[in-house]
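Take a look at the letters that make up each chain.
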Amino acid sequence: MFDGISTFALIIYVILLLIALLVLTFVVLLVHSGLFTSVDDVGTGKPPIGQAIIAYRFQKGPYNQAGQIFTEAALIAPDNKALGIYYDDPNKVDSYNLRYVVGSILSEGNAPVDEEMVKKFTDKEFKILHLPEVSYAVHTQFPHITTLSILIATNKAYPRLKEYIEERKLCAYPFIEYYDGKVIHFMAPLSKQEEFFVPECEQEAGGDQPSTECESTMLSTSQSSEEDYNQQDVTQTSVDDDSEKNEEAEPVQEQANGDAECIQKVADCNAEAAGNENNSCLKATEDDQGSDDSSSSFELLKHDIAE
């Protein structure tokens, strides 16, 4: 069968066949891991995890490095469910400034905590955190079949979650991945968000930087409202000052108007008195003139009758 084929060519054929088999195997694995599985069940409701106690480790850097901590936590407690909390948007924050937490769930609900398990994690520099129970969260899920399912799920779930949140203008953060062994749950709580932030987050942010876009929007709205309030306060103060000035000026103006009125009345009285005196003199003169005119008229009438 291989007569006439050199050893070198045969080796090349074998290598190509192995590569083809590897590619085919990888493709089959991708399909099996959920390559063609869609994420359509995005909605709002009660999240799959309630109140919980976790052993966590805070990390700052690219999110793709979280796998190392997941592996370390799984080595300490292989049967524990795991979760990750991601605080920053990788599209808006530099990859080396991204903050996240990887945790192993020690207890859910009212279940007791294994103190020996707690000691195992704390000896490995993990810390303990109590997570609250929330009634509503934006969530979706993806089948956890293989390790590749995680990579496929994150690339499919997060765009759908963000689209859902933006369309409805919800304030949902931070993003949480919850691994129960069969399904990867993606969720973002709609309440008690601050209780999902570990103390290291505030220390890294310096206490004055918004952790998410939602927080940034709230901060901007708060600042705008404060500025509007201050501006309104300044305007109101100016109006009040003007009112006080007007109120102070009104008595002065009224006094001035009263004085002017009084002066006018005095002037009118003086004018009236002067007018009366002049009228008396004028009347006397007219009377005298009237007498002279009467005498002249009588003389003329006598002259006419004589004629």
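Predicted model, so just to flag it, every value in this text is computed and none were measured.

Student: Would you take a moment to explain the overall build of the chain for this structure?
Tutor: Looking only at helices and strands, one finds six helices and eight strands in the chain. Element order for the chain, N to C, with α for helix and β for strand: α-β-β-α-β-β-α-β-β-α-β-β-α-α. Here the chain holds 307 residues, and 29% of them are scored as buried. Sequence-distant contacts in the chain: of pairs separated by 6 or more residues, those separated by 24 or more amount to 75%. In the form shown here, the chain has an accessible surface area of approximately 20400 Å², with 55% of it arising from carbon and sulfur atoms.

Student: Looking at this structure, how should I read the pairing of strand 6 (residues 137–143)?
Tutor: For a regular strand, the rule is simple: side chains alternate between the two faces of the sheet. Both strand 1 (residues 43–45) and strand 6 contribute to a ladder of three bridges, which runs antiparallel. Note that in strand 6 the partner of T44 across the bridge is V138.

Student: Explanation requested: helix 2 (residues 66–76) in the structure shown.
Tutor: Counting along an α-helix, one turn takes 3.6 residues, and residues three or four places apart therefore face a common direction. Looking only at helix 2, the buried set comprises A66, I69, F70, A73 and I76. The buried residues of helix 2 all sit within an arc of 120° when viewed along its axis, so they share a single face. Exposed residues lying more than 90 degrees from the buried face of helix 2 are Q68 and L75. Against strand 2 (52–60), strand 3 (82–86), strand 4 (99–108), helix 3 (115–123) and strand 7 (175–179) lie the buried residues of helix 2.

Student: Is there a simple way to think about empty space enclosed by the protein in this case?
Tutor: Think of a ball as big as a water molecule: rolled over the atoms, this probe shows where empty space is left. Tallied over the entire structure, the rule returns one cavity of 30 Å³ or more. One number sums up the size of the largest cavity: a volume of about 110 Å³. Along its surface, the largest cavity is lined by 13 residues, and I49, P132, I176, M187 and F196 are the ones closest to its centre. At the level of secondary structure, the elements contributing two or more residues to the lining of the largest cavity comprise strand 3 and strand 8 (183–189). Among the residues forming the lining of the largest cavity, the class breakdown is twelve nonpolar, one polar and no charged.

The rules we used
Residues numbered from 1 in each chain as written. Predicted model: local features only at pLDDT ≥ 70, side-chain atom pairs only at ≥ 80, totals over all residues. Heavy atoms only, no water. Helix = DSSP H or I, 4+ residues; strand = E, 2+ residues; numbered from the N terminus. Buried < 20%, exposed > 50% of the residue type's maximum accessible area, 1.4 Å probe, protein only. Contact = heavy atoms within 4.5 Å. Areas by Shrake-Rupley, 256 points an atom, 1.4 Å probe, with all protein chains shown as cover. Pairing = 2+ DSSP bridges. Arc of directions from axis to C-beta. 1 Å grid on protein atoms, 1.4 Å probe; cavity = no way out; pocket = protein on both sides within 12 Å on 5 of 7 lines; lining within 4 Å. Points joined across faces, edges and corners; volume = space filled by probe spheres on them. Nonpolar A, V, L, I, M, F, W, Y, C, P; charged D, E, K, R; others polar.

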